[in-house]
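Listed here are the chains, written in short residue letters.
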Amino acid sequence: CLNNKKLFRRIREVIGKSMVSTDPIVRIAATASLSDMAELDLLRDVEGIVSWIQGRLNDEESTVTYFALSALRYLVQNEELDFDLVVRVLEKRLAIDLGTVEDFLGWDVLTLESLVELLGEGGLEDDEDSQDEDEDEEGGPEPTVKTVKAVSLLIELALKITSHAFCSAAFECLCREM
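Residues numbered from 1 in each chain as written. Predicted model: local features only at pLDDT ≥ 70, side-chain atom pairs only at ≥ 80, totals over all residues. Heavy atoms only, no water.

Averaged over every residue, the pLDDT of the chain is 82; the share at 70 or more is 79%. Within the chain, the lowest mean pLDDT, 52, falls on helix H8 (residues 128–138), and the highest, 96, falls on helix H4 (residues 62–77). (pLDDT = per-residue confidence, 0-100. Helix = DSSP H or I, 4+ residues; strand = E, 2+ residues; numbered from the N terminus.)

Structure (structure tokens):
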């Protein structure tokens with residue numbers, strides 16, 4: 001057990017140093033490793049790790065941002081982080097508003113994919129007092145405000161992307177007929 005603690009301490013040190021490397025390949029590898037560890041629910045004491053992930057949300061390399069968002073998704077999925085808190089941090093760090101679909105239309109496809117997956121995790125109200133009443137009357141706990149905003153954004157994005165794809169396909173067909 002003592003050897004495992006030393007090993008994980010070394011891994012943590014190496015990943016931490018790699019997260020701030022000037023080499024984008026090293027940052028990708030470090031962020032992907034964190035994402036994989038989060039997916040397998042191997043991360044504990046996430047408070048120290050979250051700051052590394054936050055630091056990579058604005059990385060110039062979209063693959064790093066993809067893995068940073070994926071790591072957050074898995075930490076939410078494994079209940080290591082609260083969905084609403086993660087969304088608030090994203091809104092602040094990325095200077096985005098979940099209510100404004102235009103904020104996301106220019107995003108890199110890989111980064112947008114990871115954000116969509118994260119937003120799909122959503123969250124439910126944890127209020128113990130009202131939970132019993134809600135379950136009896138409405139069939140379950142209510143989604144949080146951030147979850148409602150996330151779902152609304154996902155729907156708007158789907159409609160915009162579908163509309164854009166439809167318009168592009170229609171334009172191609174029109175050009176072929178001319």
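Okay, back to it.
Turning our attention to the layout of surface pockets. Computed from the structure, the second largest pocket encloses a volume of approximately 170 Å³. Lining the second largest pocket are Phe8, Ile11, Arg12, Ile15, Leu34, Met37, Leu42, Leu43, Arg44, Asp45, Ile49 and Trp52. Listing elements by their share of the lining of the second largest pocket, those giving two or more residues are helix H1 (2–18), helix H2 (24–39) and helix H3 (46–55). A total of 4 residues in the lining of the second largest pocket trace back to one element, the largest contributor, which is H1. Looking at the lining of the second largest pocket residue by residue, the class counts come to 9 nonpolar, no polar and 3 charged. (1 Å grid on protein atoms, 1.4 Å probe; cavity = no way out; pocket = protein on both sides within 12 Å on 5 of 7 lines; lining within 4 Å. Points joined across faces, edges and corners; volume = space filled by probe spheres on them. Nonpolar A, V, L, I, M, F, W, Y, C, P; charged D, E, K, R; others polar.)

This next bit is on a nonpolar patch on the surface. Together, Val151, Ile155 and Leu159 line one region of the surface with nonpolar side chains, adding up to about 290 Å² of accessible area. Within the secondary structure, isoleucine 155 is located in helix H9 (residues 145–177). (Patch = residues over 30% accessible without salt bridge, like charges linked within 9 Å, V, L, I, M, F, W, Y side chains within 5 Å. Areas by Shrake-Rupley, 256 points an atom, 1.4 Å probe, with all protein chains shown as cover. Salt bridge = Lys/Arg side-chain N within 4 Å of Asp/Glu carboxyl O.)

Counting across every chain of the model gives 2 aromatic pairs. Each ring, one from tyrosine 66 and one from phenylalanine 67, has its centre 5.1 Å from the other, and the planes form 75°; the classification is edge-to-face. Here the two residues tyrosine 66 and phenylalanine 67 agree in accessibility, since each one is buried. (Phe/Tyr/Trp six-rings, centres within 6.5 Å; stacked < 30°, edge-to-face > 60°. Buried < 20%, exposed > 50% of the residue type's maximum accessible area, 1.4 Å probe, protein only.)

Here the focus is unusual backbone geometry. Despite not being glycine, aspartate 41 shows a phi value in the positive range, around 60°. Relative to the elements of secondary structure, aspartate 41 occurs in the loop between H2 and H3. Under the relative-accessibility criterion, aspartate 41 is labelled partly exposed at 30%.

Mapped onto the elements, serine 114 comes out in helix H7 (residues 109–119). Relative accessible area serves as the criterion here: at 1%, serine 114 is assigned to the buried category.

What follows concerns the packing of helix H5 (residues 83–93) against H7. Between H5 and H7, whose axes approach to 11 Å, the crossing angle comes to 150°. Packed against H5, whose contacting residues are Phe83, Val86, Val87 and Leu90, the element H7 presents Leu115, Leu118 and Leu119 at the interface. A class-by-class count of the residues in the contact of H5 with H7 yields 7 nonpolar, no polar and no charged. (Axes fitted to C-alpha atoms, helices over the stretch in contact; angles between N-to-C directions. Contact = heavy atoms within 4.5 Å.)

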